[in-house]
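What follows is each chain in one-letter form.
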Amino acid sequence: MQAKDRMDVPKSLRKDWEDLVSPSSSLASPGTGDVRASTKAGQKPTPTNRTEAVKNAMTADVDSIEILRQIRESADAVVYEAWDHSAKRDVAIHMLRTEAQSDTSLVDDFWRRSQSQAKTDHSNIVSIYSIEQPAGRVVAEFCKPAFDEELPKNGWSEAEVRRLLQDTLSGLEYLHRQGKIHGALAPAVIMSSEMGTFKLDRISGRRVGEELQLLPGNEKYLAPEILDESRFGAVGEAVDLYALGMIALEALSGRKFLSCFADCGLDLEAGGETWLRWHAASEERVAEVATVLPKVDPRLAATIDRLLSKQVGDRPRSASDALAILNSHTPTIVASTERTNSSVTSLSASDLALRPSAVTARRTEGSALSTVATMGMESRNAPASWQQRLDGLFAEENANKVAAGILLLVTFIAGLAFFEPQKSQEDE
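Summarised in this report is the structure supplied together with it. (Residues numbered from 1 in each chain as written. Predicted model: local features only at pLDDT ≥ 70, side-chain atom pairs only at ≥ 80, totals over all residues. Heavy atoms only, no water.)

## Comments concerning empty space enclosed by the protein
Short version of the rule: Cavity means a closed set of points on a 1 Å grid over the protein atoms alone, one where a 1.4 Å probe fits but cannot get out, pocket means an open set with protein on both sides within 12 Å along at least 5 of 7 lines, and lining means a residue has an atom within 4 Å of a point. Grid points are joined across faces, edges and corners, and a volume is the space filled by probe spheres set on the points. Helical segments are the DSSP runs of H or I of at least four residues, strand segments are the runs of E of at least two, and each set is numbered from the N terminus. For this scheme, ten residues count as nonpolar: Ala, Val, Leu, Ile, Met, Phe, Trp, Tyr, Cys and Pro. Four count as charged, namely Asp, Glu, Lys and Arg, and the remainder, Gly too, count as polar.
Under the criterion given, the structure shown has 4 cavities of 30 Å³ or more. Approximately 110 Å³ is the volume attributed to the largest cavity. As for the largest cavity, its lining consists of 14 residues, of which Gly 183, Ala 184, Leu 185, Tyr 221 and Leu 222 are closest to the centre. Looking at the lining of the largest cavity, the element that brings in the most residues is helix α7 (residues 238-253), giving 3 residues. Looking at the lining of the largest cavity residue by residue, the class counts come to 10 nonpolar, 3 polar and 1 charged. Lining the second largest cavity, in full, are His 94, Phe 110, Arg 113, Ser 114, Gln 117, Ile 128, Val 138, Asp 201 and Arg 202. Of all the elements, helix α3 (residues 104-118) adds the most residues to the lining of the second largest cavity, at 4 residues.

So this is what it looks like as structure tokens:
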């Protein structure tokens, strides 16, 4: 893999880059050594030390890693695509921004987040290969941003959104089992590997109970309980589920996204604090997916609807529960008796959305087939809509029995009425 002659670097650094690649530069021929320099905290870069900063960004180890291009940047780091000649693989170089070094909390968070992510080992989390604090860089698995381009007018396909949820929920399940939360889930931290696998990046690594930081630009994906635990529930793993629900809805609906909030009376296009007001308003609800996108798979719609519940207790209890809703089979429950035609009652996925671990059938007295949903809890705790459906199912079954009995009785009486006159005539 060959480096480009002209790097895709910020305009403010382009002159320095041209100086670096000139024939007189020590970087014109590889193997000239390891250049490491940095600007002192709080010091405004001068032309000289800005060049030093570019050297840091472009080559901390010239013999091993070849920088190809800048791919994105954030408040604390600039990310470059590079080729690791030693490992013979693409890598991503996260370089701590020189101007960020004056913010101690930002720098500490950068290293803490990197160290926490380096301890993970999951196919749906971006791998950290090395952390090199003296050089101010982190070498990570190379992935492209999943939301790098503007969303299509009609959003992503259902298959893509389903895969997005499956992959990210799998990564969150792994994190949550370790007692950690992502804490800053947004489209910008969801990556896509060369194989098309979705992966989580920039994991805060904070444990449940630790204070979460609100990152500028992430207001749309902020869980309501972060703003008010007393009204919405305790801050914990569910903050990641809520954020993922918002990301999935945005990906699925495309330009129809804001129509899901049409009745709120807020100008959500303004973003920022407007979203914070919407999240904090307990009476505001996002429209159900089926009302905006009626053709969407009921299981996918039910999953997103549950993830976006404002009350923590109404969301799936865990990432694995959300996966169970997403992957559940569309249920059709059949009630019948042995002597009458089958009566079919269909239950939507939203009726089974509360921990649908299994659907089983058993025979009860009278040889009638009754269907019982095992929800992972006592039936008395089942939601009203589900219980009402079951009551209706059993009532219909009993009504069929009564109707069959009445029909049999009427037929018997009619038979007696028909044969009695015939018998009287024969006697005469």
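## Looking at the packing of helix α4 (residues 158-177) against α7
Threshold: In this analysis an axis means a line fitted to C-alpha atoms, helices contributing only their contacting stretch, and an angle means the value between N-to-C directions, from 0 to 180 degrees. Throughout this description, any angle smaller than 35 degrees is read as roughly parallel, any larger than 145 degrees as roughly antiparallel, any in the 65 to 115 degree range as roughly perpendicular, and the remainder as oblique. A clockwise turn of the near helix away from the far one marks a right-handed crossing, whereas an anticlockwise turn of less than a right angle marks a left-handed crossing. Any two residues whose heavy atoms approach within 4.5 Å are treated as being in contact.
α7 packs onto α4 with a crossing angle of 165° between their chain directions and a minimal axis gap of 10 Å. With respect to each other, α4 and α7 are oriented roughly antiparallel. Both α4 and α7 take part in a crossing whose hand is right-handed. Contact residues: α4 offers Glu 158, Val 161, Leu 164, Leu 165, Thr 168, Leu 169, Leu 172 and His 176, while α7 offers Asp 240, Leu 241, Leu 244, Ile 247, Ala 248, Ala 251 and Leu 252.

## Quick notes on the pairing of strand β2 (residues 77-84)
Note the cut-off: Exposure categories follow from relative accessible area, calculated using a 1.4 Å probe and restricted to protein chains: below 20% of the type maximum is buried, above 50% is exposed, and the middle band is partly exposed. Two strands form a pair only when DSSP identifies at least two bridges running between them.
In terms of burial, β2 is largely enclosed, as 8 of its 8 residues are buried. Residue alternation in β2 divides its side chains into two sets, Ala 77, Val 79, Glu 81 and Trp 83 and Val 78, Tyr 80, Ala 82 and Asp 84, and both sets are buried. For strand β1 (residues 65-73) and β2, the ladder comprises 7 bridges, and the chain directions are antiparallel. Its bridge partner lying in β2, Ile 67 is registered against Ala 82. Hairpin connection of β1 to β2: 3 residues between the antiparallel strands. Across 8 bridges, the pairing between β2 and strand β3 (residues 89-96) is antiparallel.

## Here's the deal with the nonpolar core
Going by this rule: Buried Ala, Val, Leu, Ile, Met, Phe, Trp, Tyr and Cys residues that are joined via side-chain atoms within 4.5 Å together make up what is termed a nonpolar core.
Counting residues in each nonpolar core, the largest one holds 54 residues, and the members touching the most others are Leu 165, Met 246, Leu 249, Phe 261, Trp 278 and Ile 304. At the level of secondary structure, the elements contributing two or more residues to this core comprise α4, β9 (198-200), α7, α8 (273-280), α9 (289-292), α10 (298-307) and α11 (319-327). Ranked by residues supplied to this core, first place goes to α7 with 11 residues.

## Remarks on the sheet that holds β3
The strand order β1-β2-β3-β5-β4 describes an open sheet built from 5 strands, whose pairing is antiparallel. The two strands at the open ends of the sheet, each matched to only one other strand, are β1 and β4 (128-132). Ignoring strand direction, the axes of neighbouring strands in this sheet form an average angle of 25°. Pairing analysis gives 5 bridges linking β3 to strand β5 (residues 137-141), with the strands arranged antiparallel.

## A short note on a nonpolar patch on the surface
Applicable threshold: Put simply, a patch holds well-exposed residues, over 30% relative accessible area, that have no salt bridge, with like charges counted together within 9 Å and Val, Leu, Ile, Met, Phe, Trp or Tyr side chains within 5 Å. The accessible surface values rely on the Shrake-Rupley method and a 1.4 Å probe; as for residues, cover is taken only from the protein chains in view. Put simply, a salt bridge is a Lys or Arg side-chain nitrogen that is within 4 Å of an Asp or Glu carboxyl oxygen.
Taken together, the side chains of Leu 409, Phe 412, Ile 413 and Leu 416 define a hydrophobic patch exposed on the protein surface, amounting to about 420 Å² of accessible area. Within the secondary structure, Leu 416 is located in helix α12 (residues 384-427).

## Details of α7
The test is simple: Under the convention used throughout, the expected extent of a helix is 1.5 Å for every residue step, that is, one less than its residue count.
Between the first and last C-alpha of α7 there are 23 Å, a value that for 16 residues agrees with the 22 Å anticipated at 1.5 Å per step. Summarising burial for α7: 16 of the 16 residues are buried, a large majority. At the C-terminal side of α7, Gly 254 shows a positive phi close to 60°.

## Observations regarding the packing of aromatic side chains
Keep this limit in mind: Each pair of aromatic rings taken from Phe, Tyr and Trp, with Trp reduced to its six-membered ring, is defined by centres within 6.5 Å and is described as stacked if the planes are under 30 degrees apart, edge-to-face if over 60, and tilted in the remaining cases.
Using the criterion set out here, one finds 8 aromatic pairs in the structure. Aromatic pair Phe 261 and Trp 275: ring centres 5.1 Å apart, planes at 90°, arrangement edge-to-face. Placement of Phe 261 in the loop between α7 and α8 and of Trp 275 in helix α8 is noted, with a sequence separation of 14 residues between them. Each member of the pair, Phe 261 together with Trp 275, is buried. For the ring pair Trp 275 and Trp 278, a centre distance of 6.2 Å and an interplane angle of 75° mean the geometry is edge-to-face. Separated by 3 residues within a single helix, Trp 275 and Trp 278 lie in helix α8, roughly one turn from each other.

## A look at the environment of Arg 137
Condition: Counting of polar contacts relies on pairs of N or O atoms within 3.5 Å, with two restrictions inside protein: one atom must be capable of donating a hydrogen and the other of accepting it, and residues adjacent in sequence are counted only when both atoms are side-chain atoms.
Structurally, Arg 137 can be placed in strand β5. Since its relative accessible area comes to 5%, Arg 137 is described here as buried. Sequence separation between Arg 137 and Trp 111 is 26 residues, and the spatial gap between their C-alpha atoms is 9.4 Å. Of the polar contacts made by the side chain of Arg 137, one reaches the side chain of Glu 132; its length is 2.4 Å.

## Points about the sheet that holds β9
A sheet is described by the order of its strands in space; here 3 strands give the open sequence β6-β8-β9, paired in antiparallel fashion. Edge positions in the open sheet fall to β6 (144-145) and β9, since each of these has one partner strand only. As paired elements, strand β8 (residues 190-192) and β9 share 3 bridges and run antiparallel to each other. What sits directly across from Met 191, in β9, is Lys 199.

## Some points on unusual backbone geometry
Of note, the phi angle at Lys 88 is positive, near 55°, even though the residue is not glycine. One can find Lys 88 in the loop between β2 and β3. For Arg 202, which is not a glycine, the phi torsion comes out positive at approximately 50°. Within the fold, Arg 202 resides in the loop between β9 and β10 (206-207). By relative accessible area, which is 22% here, Arg 202 ends up partly exposed.

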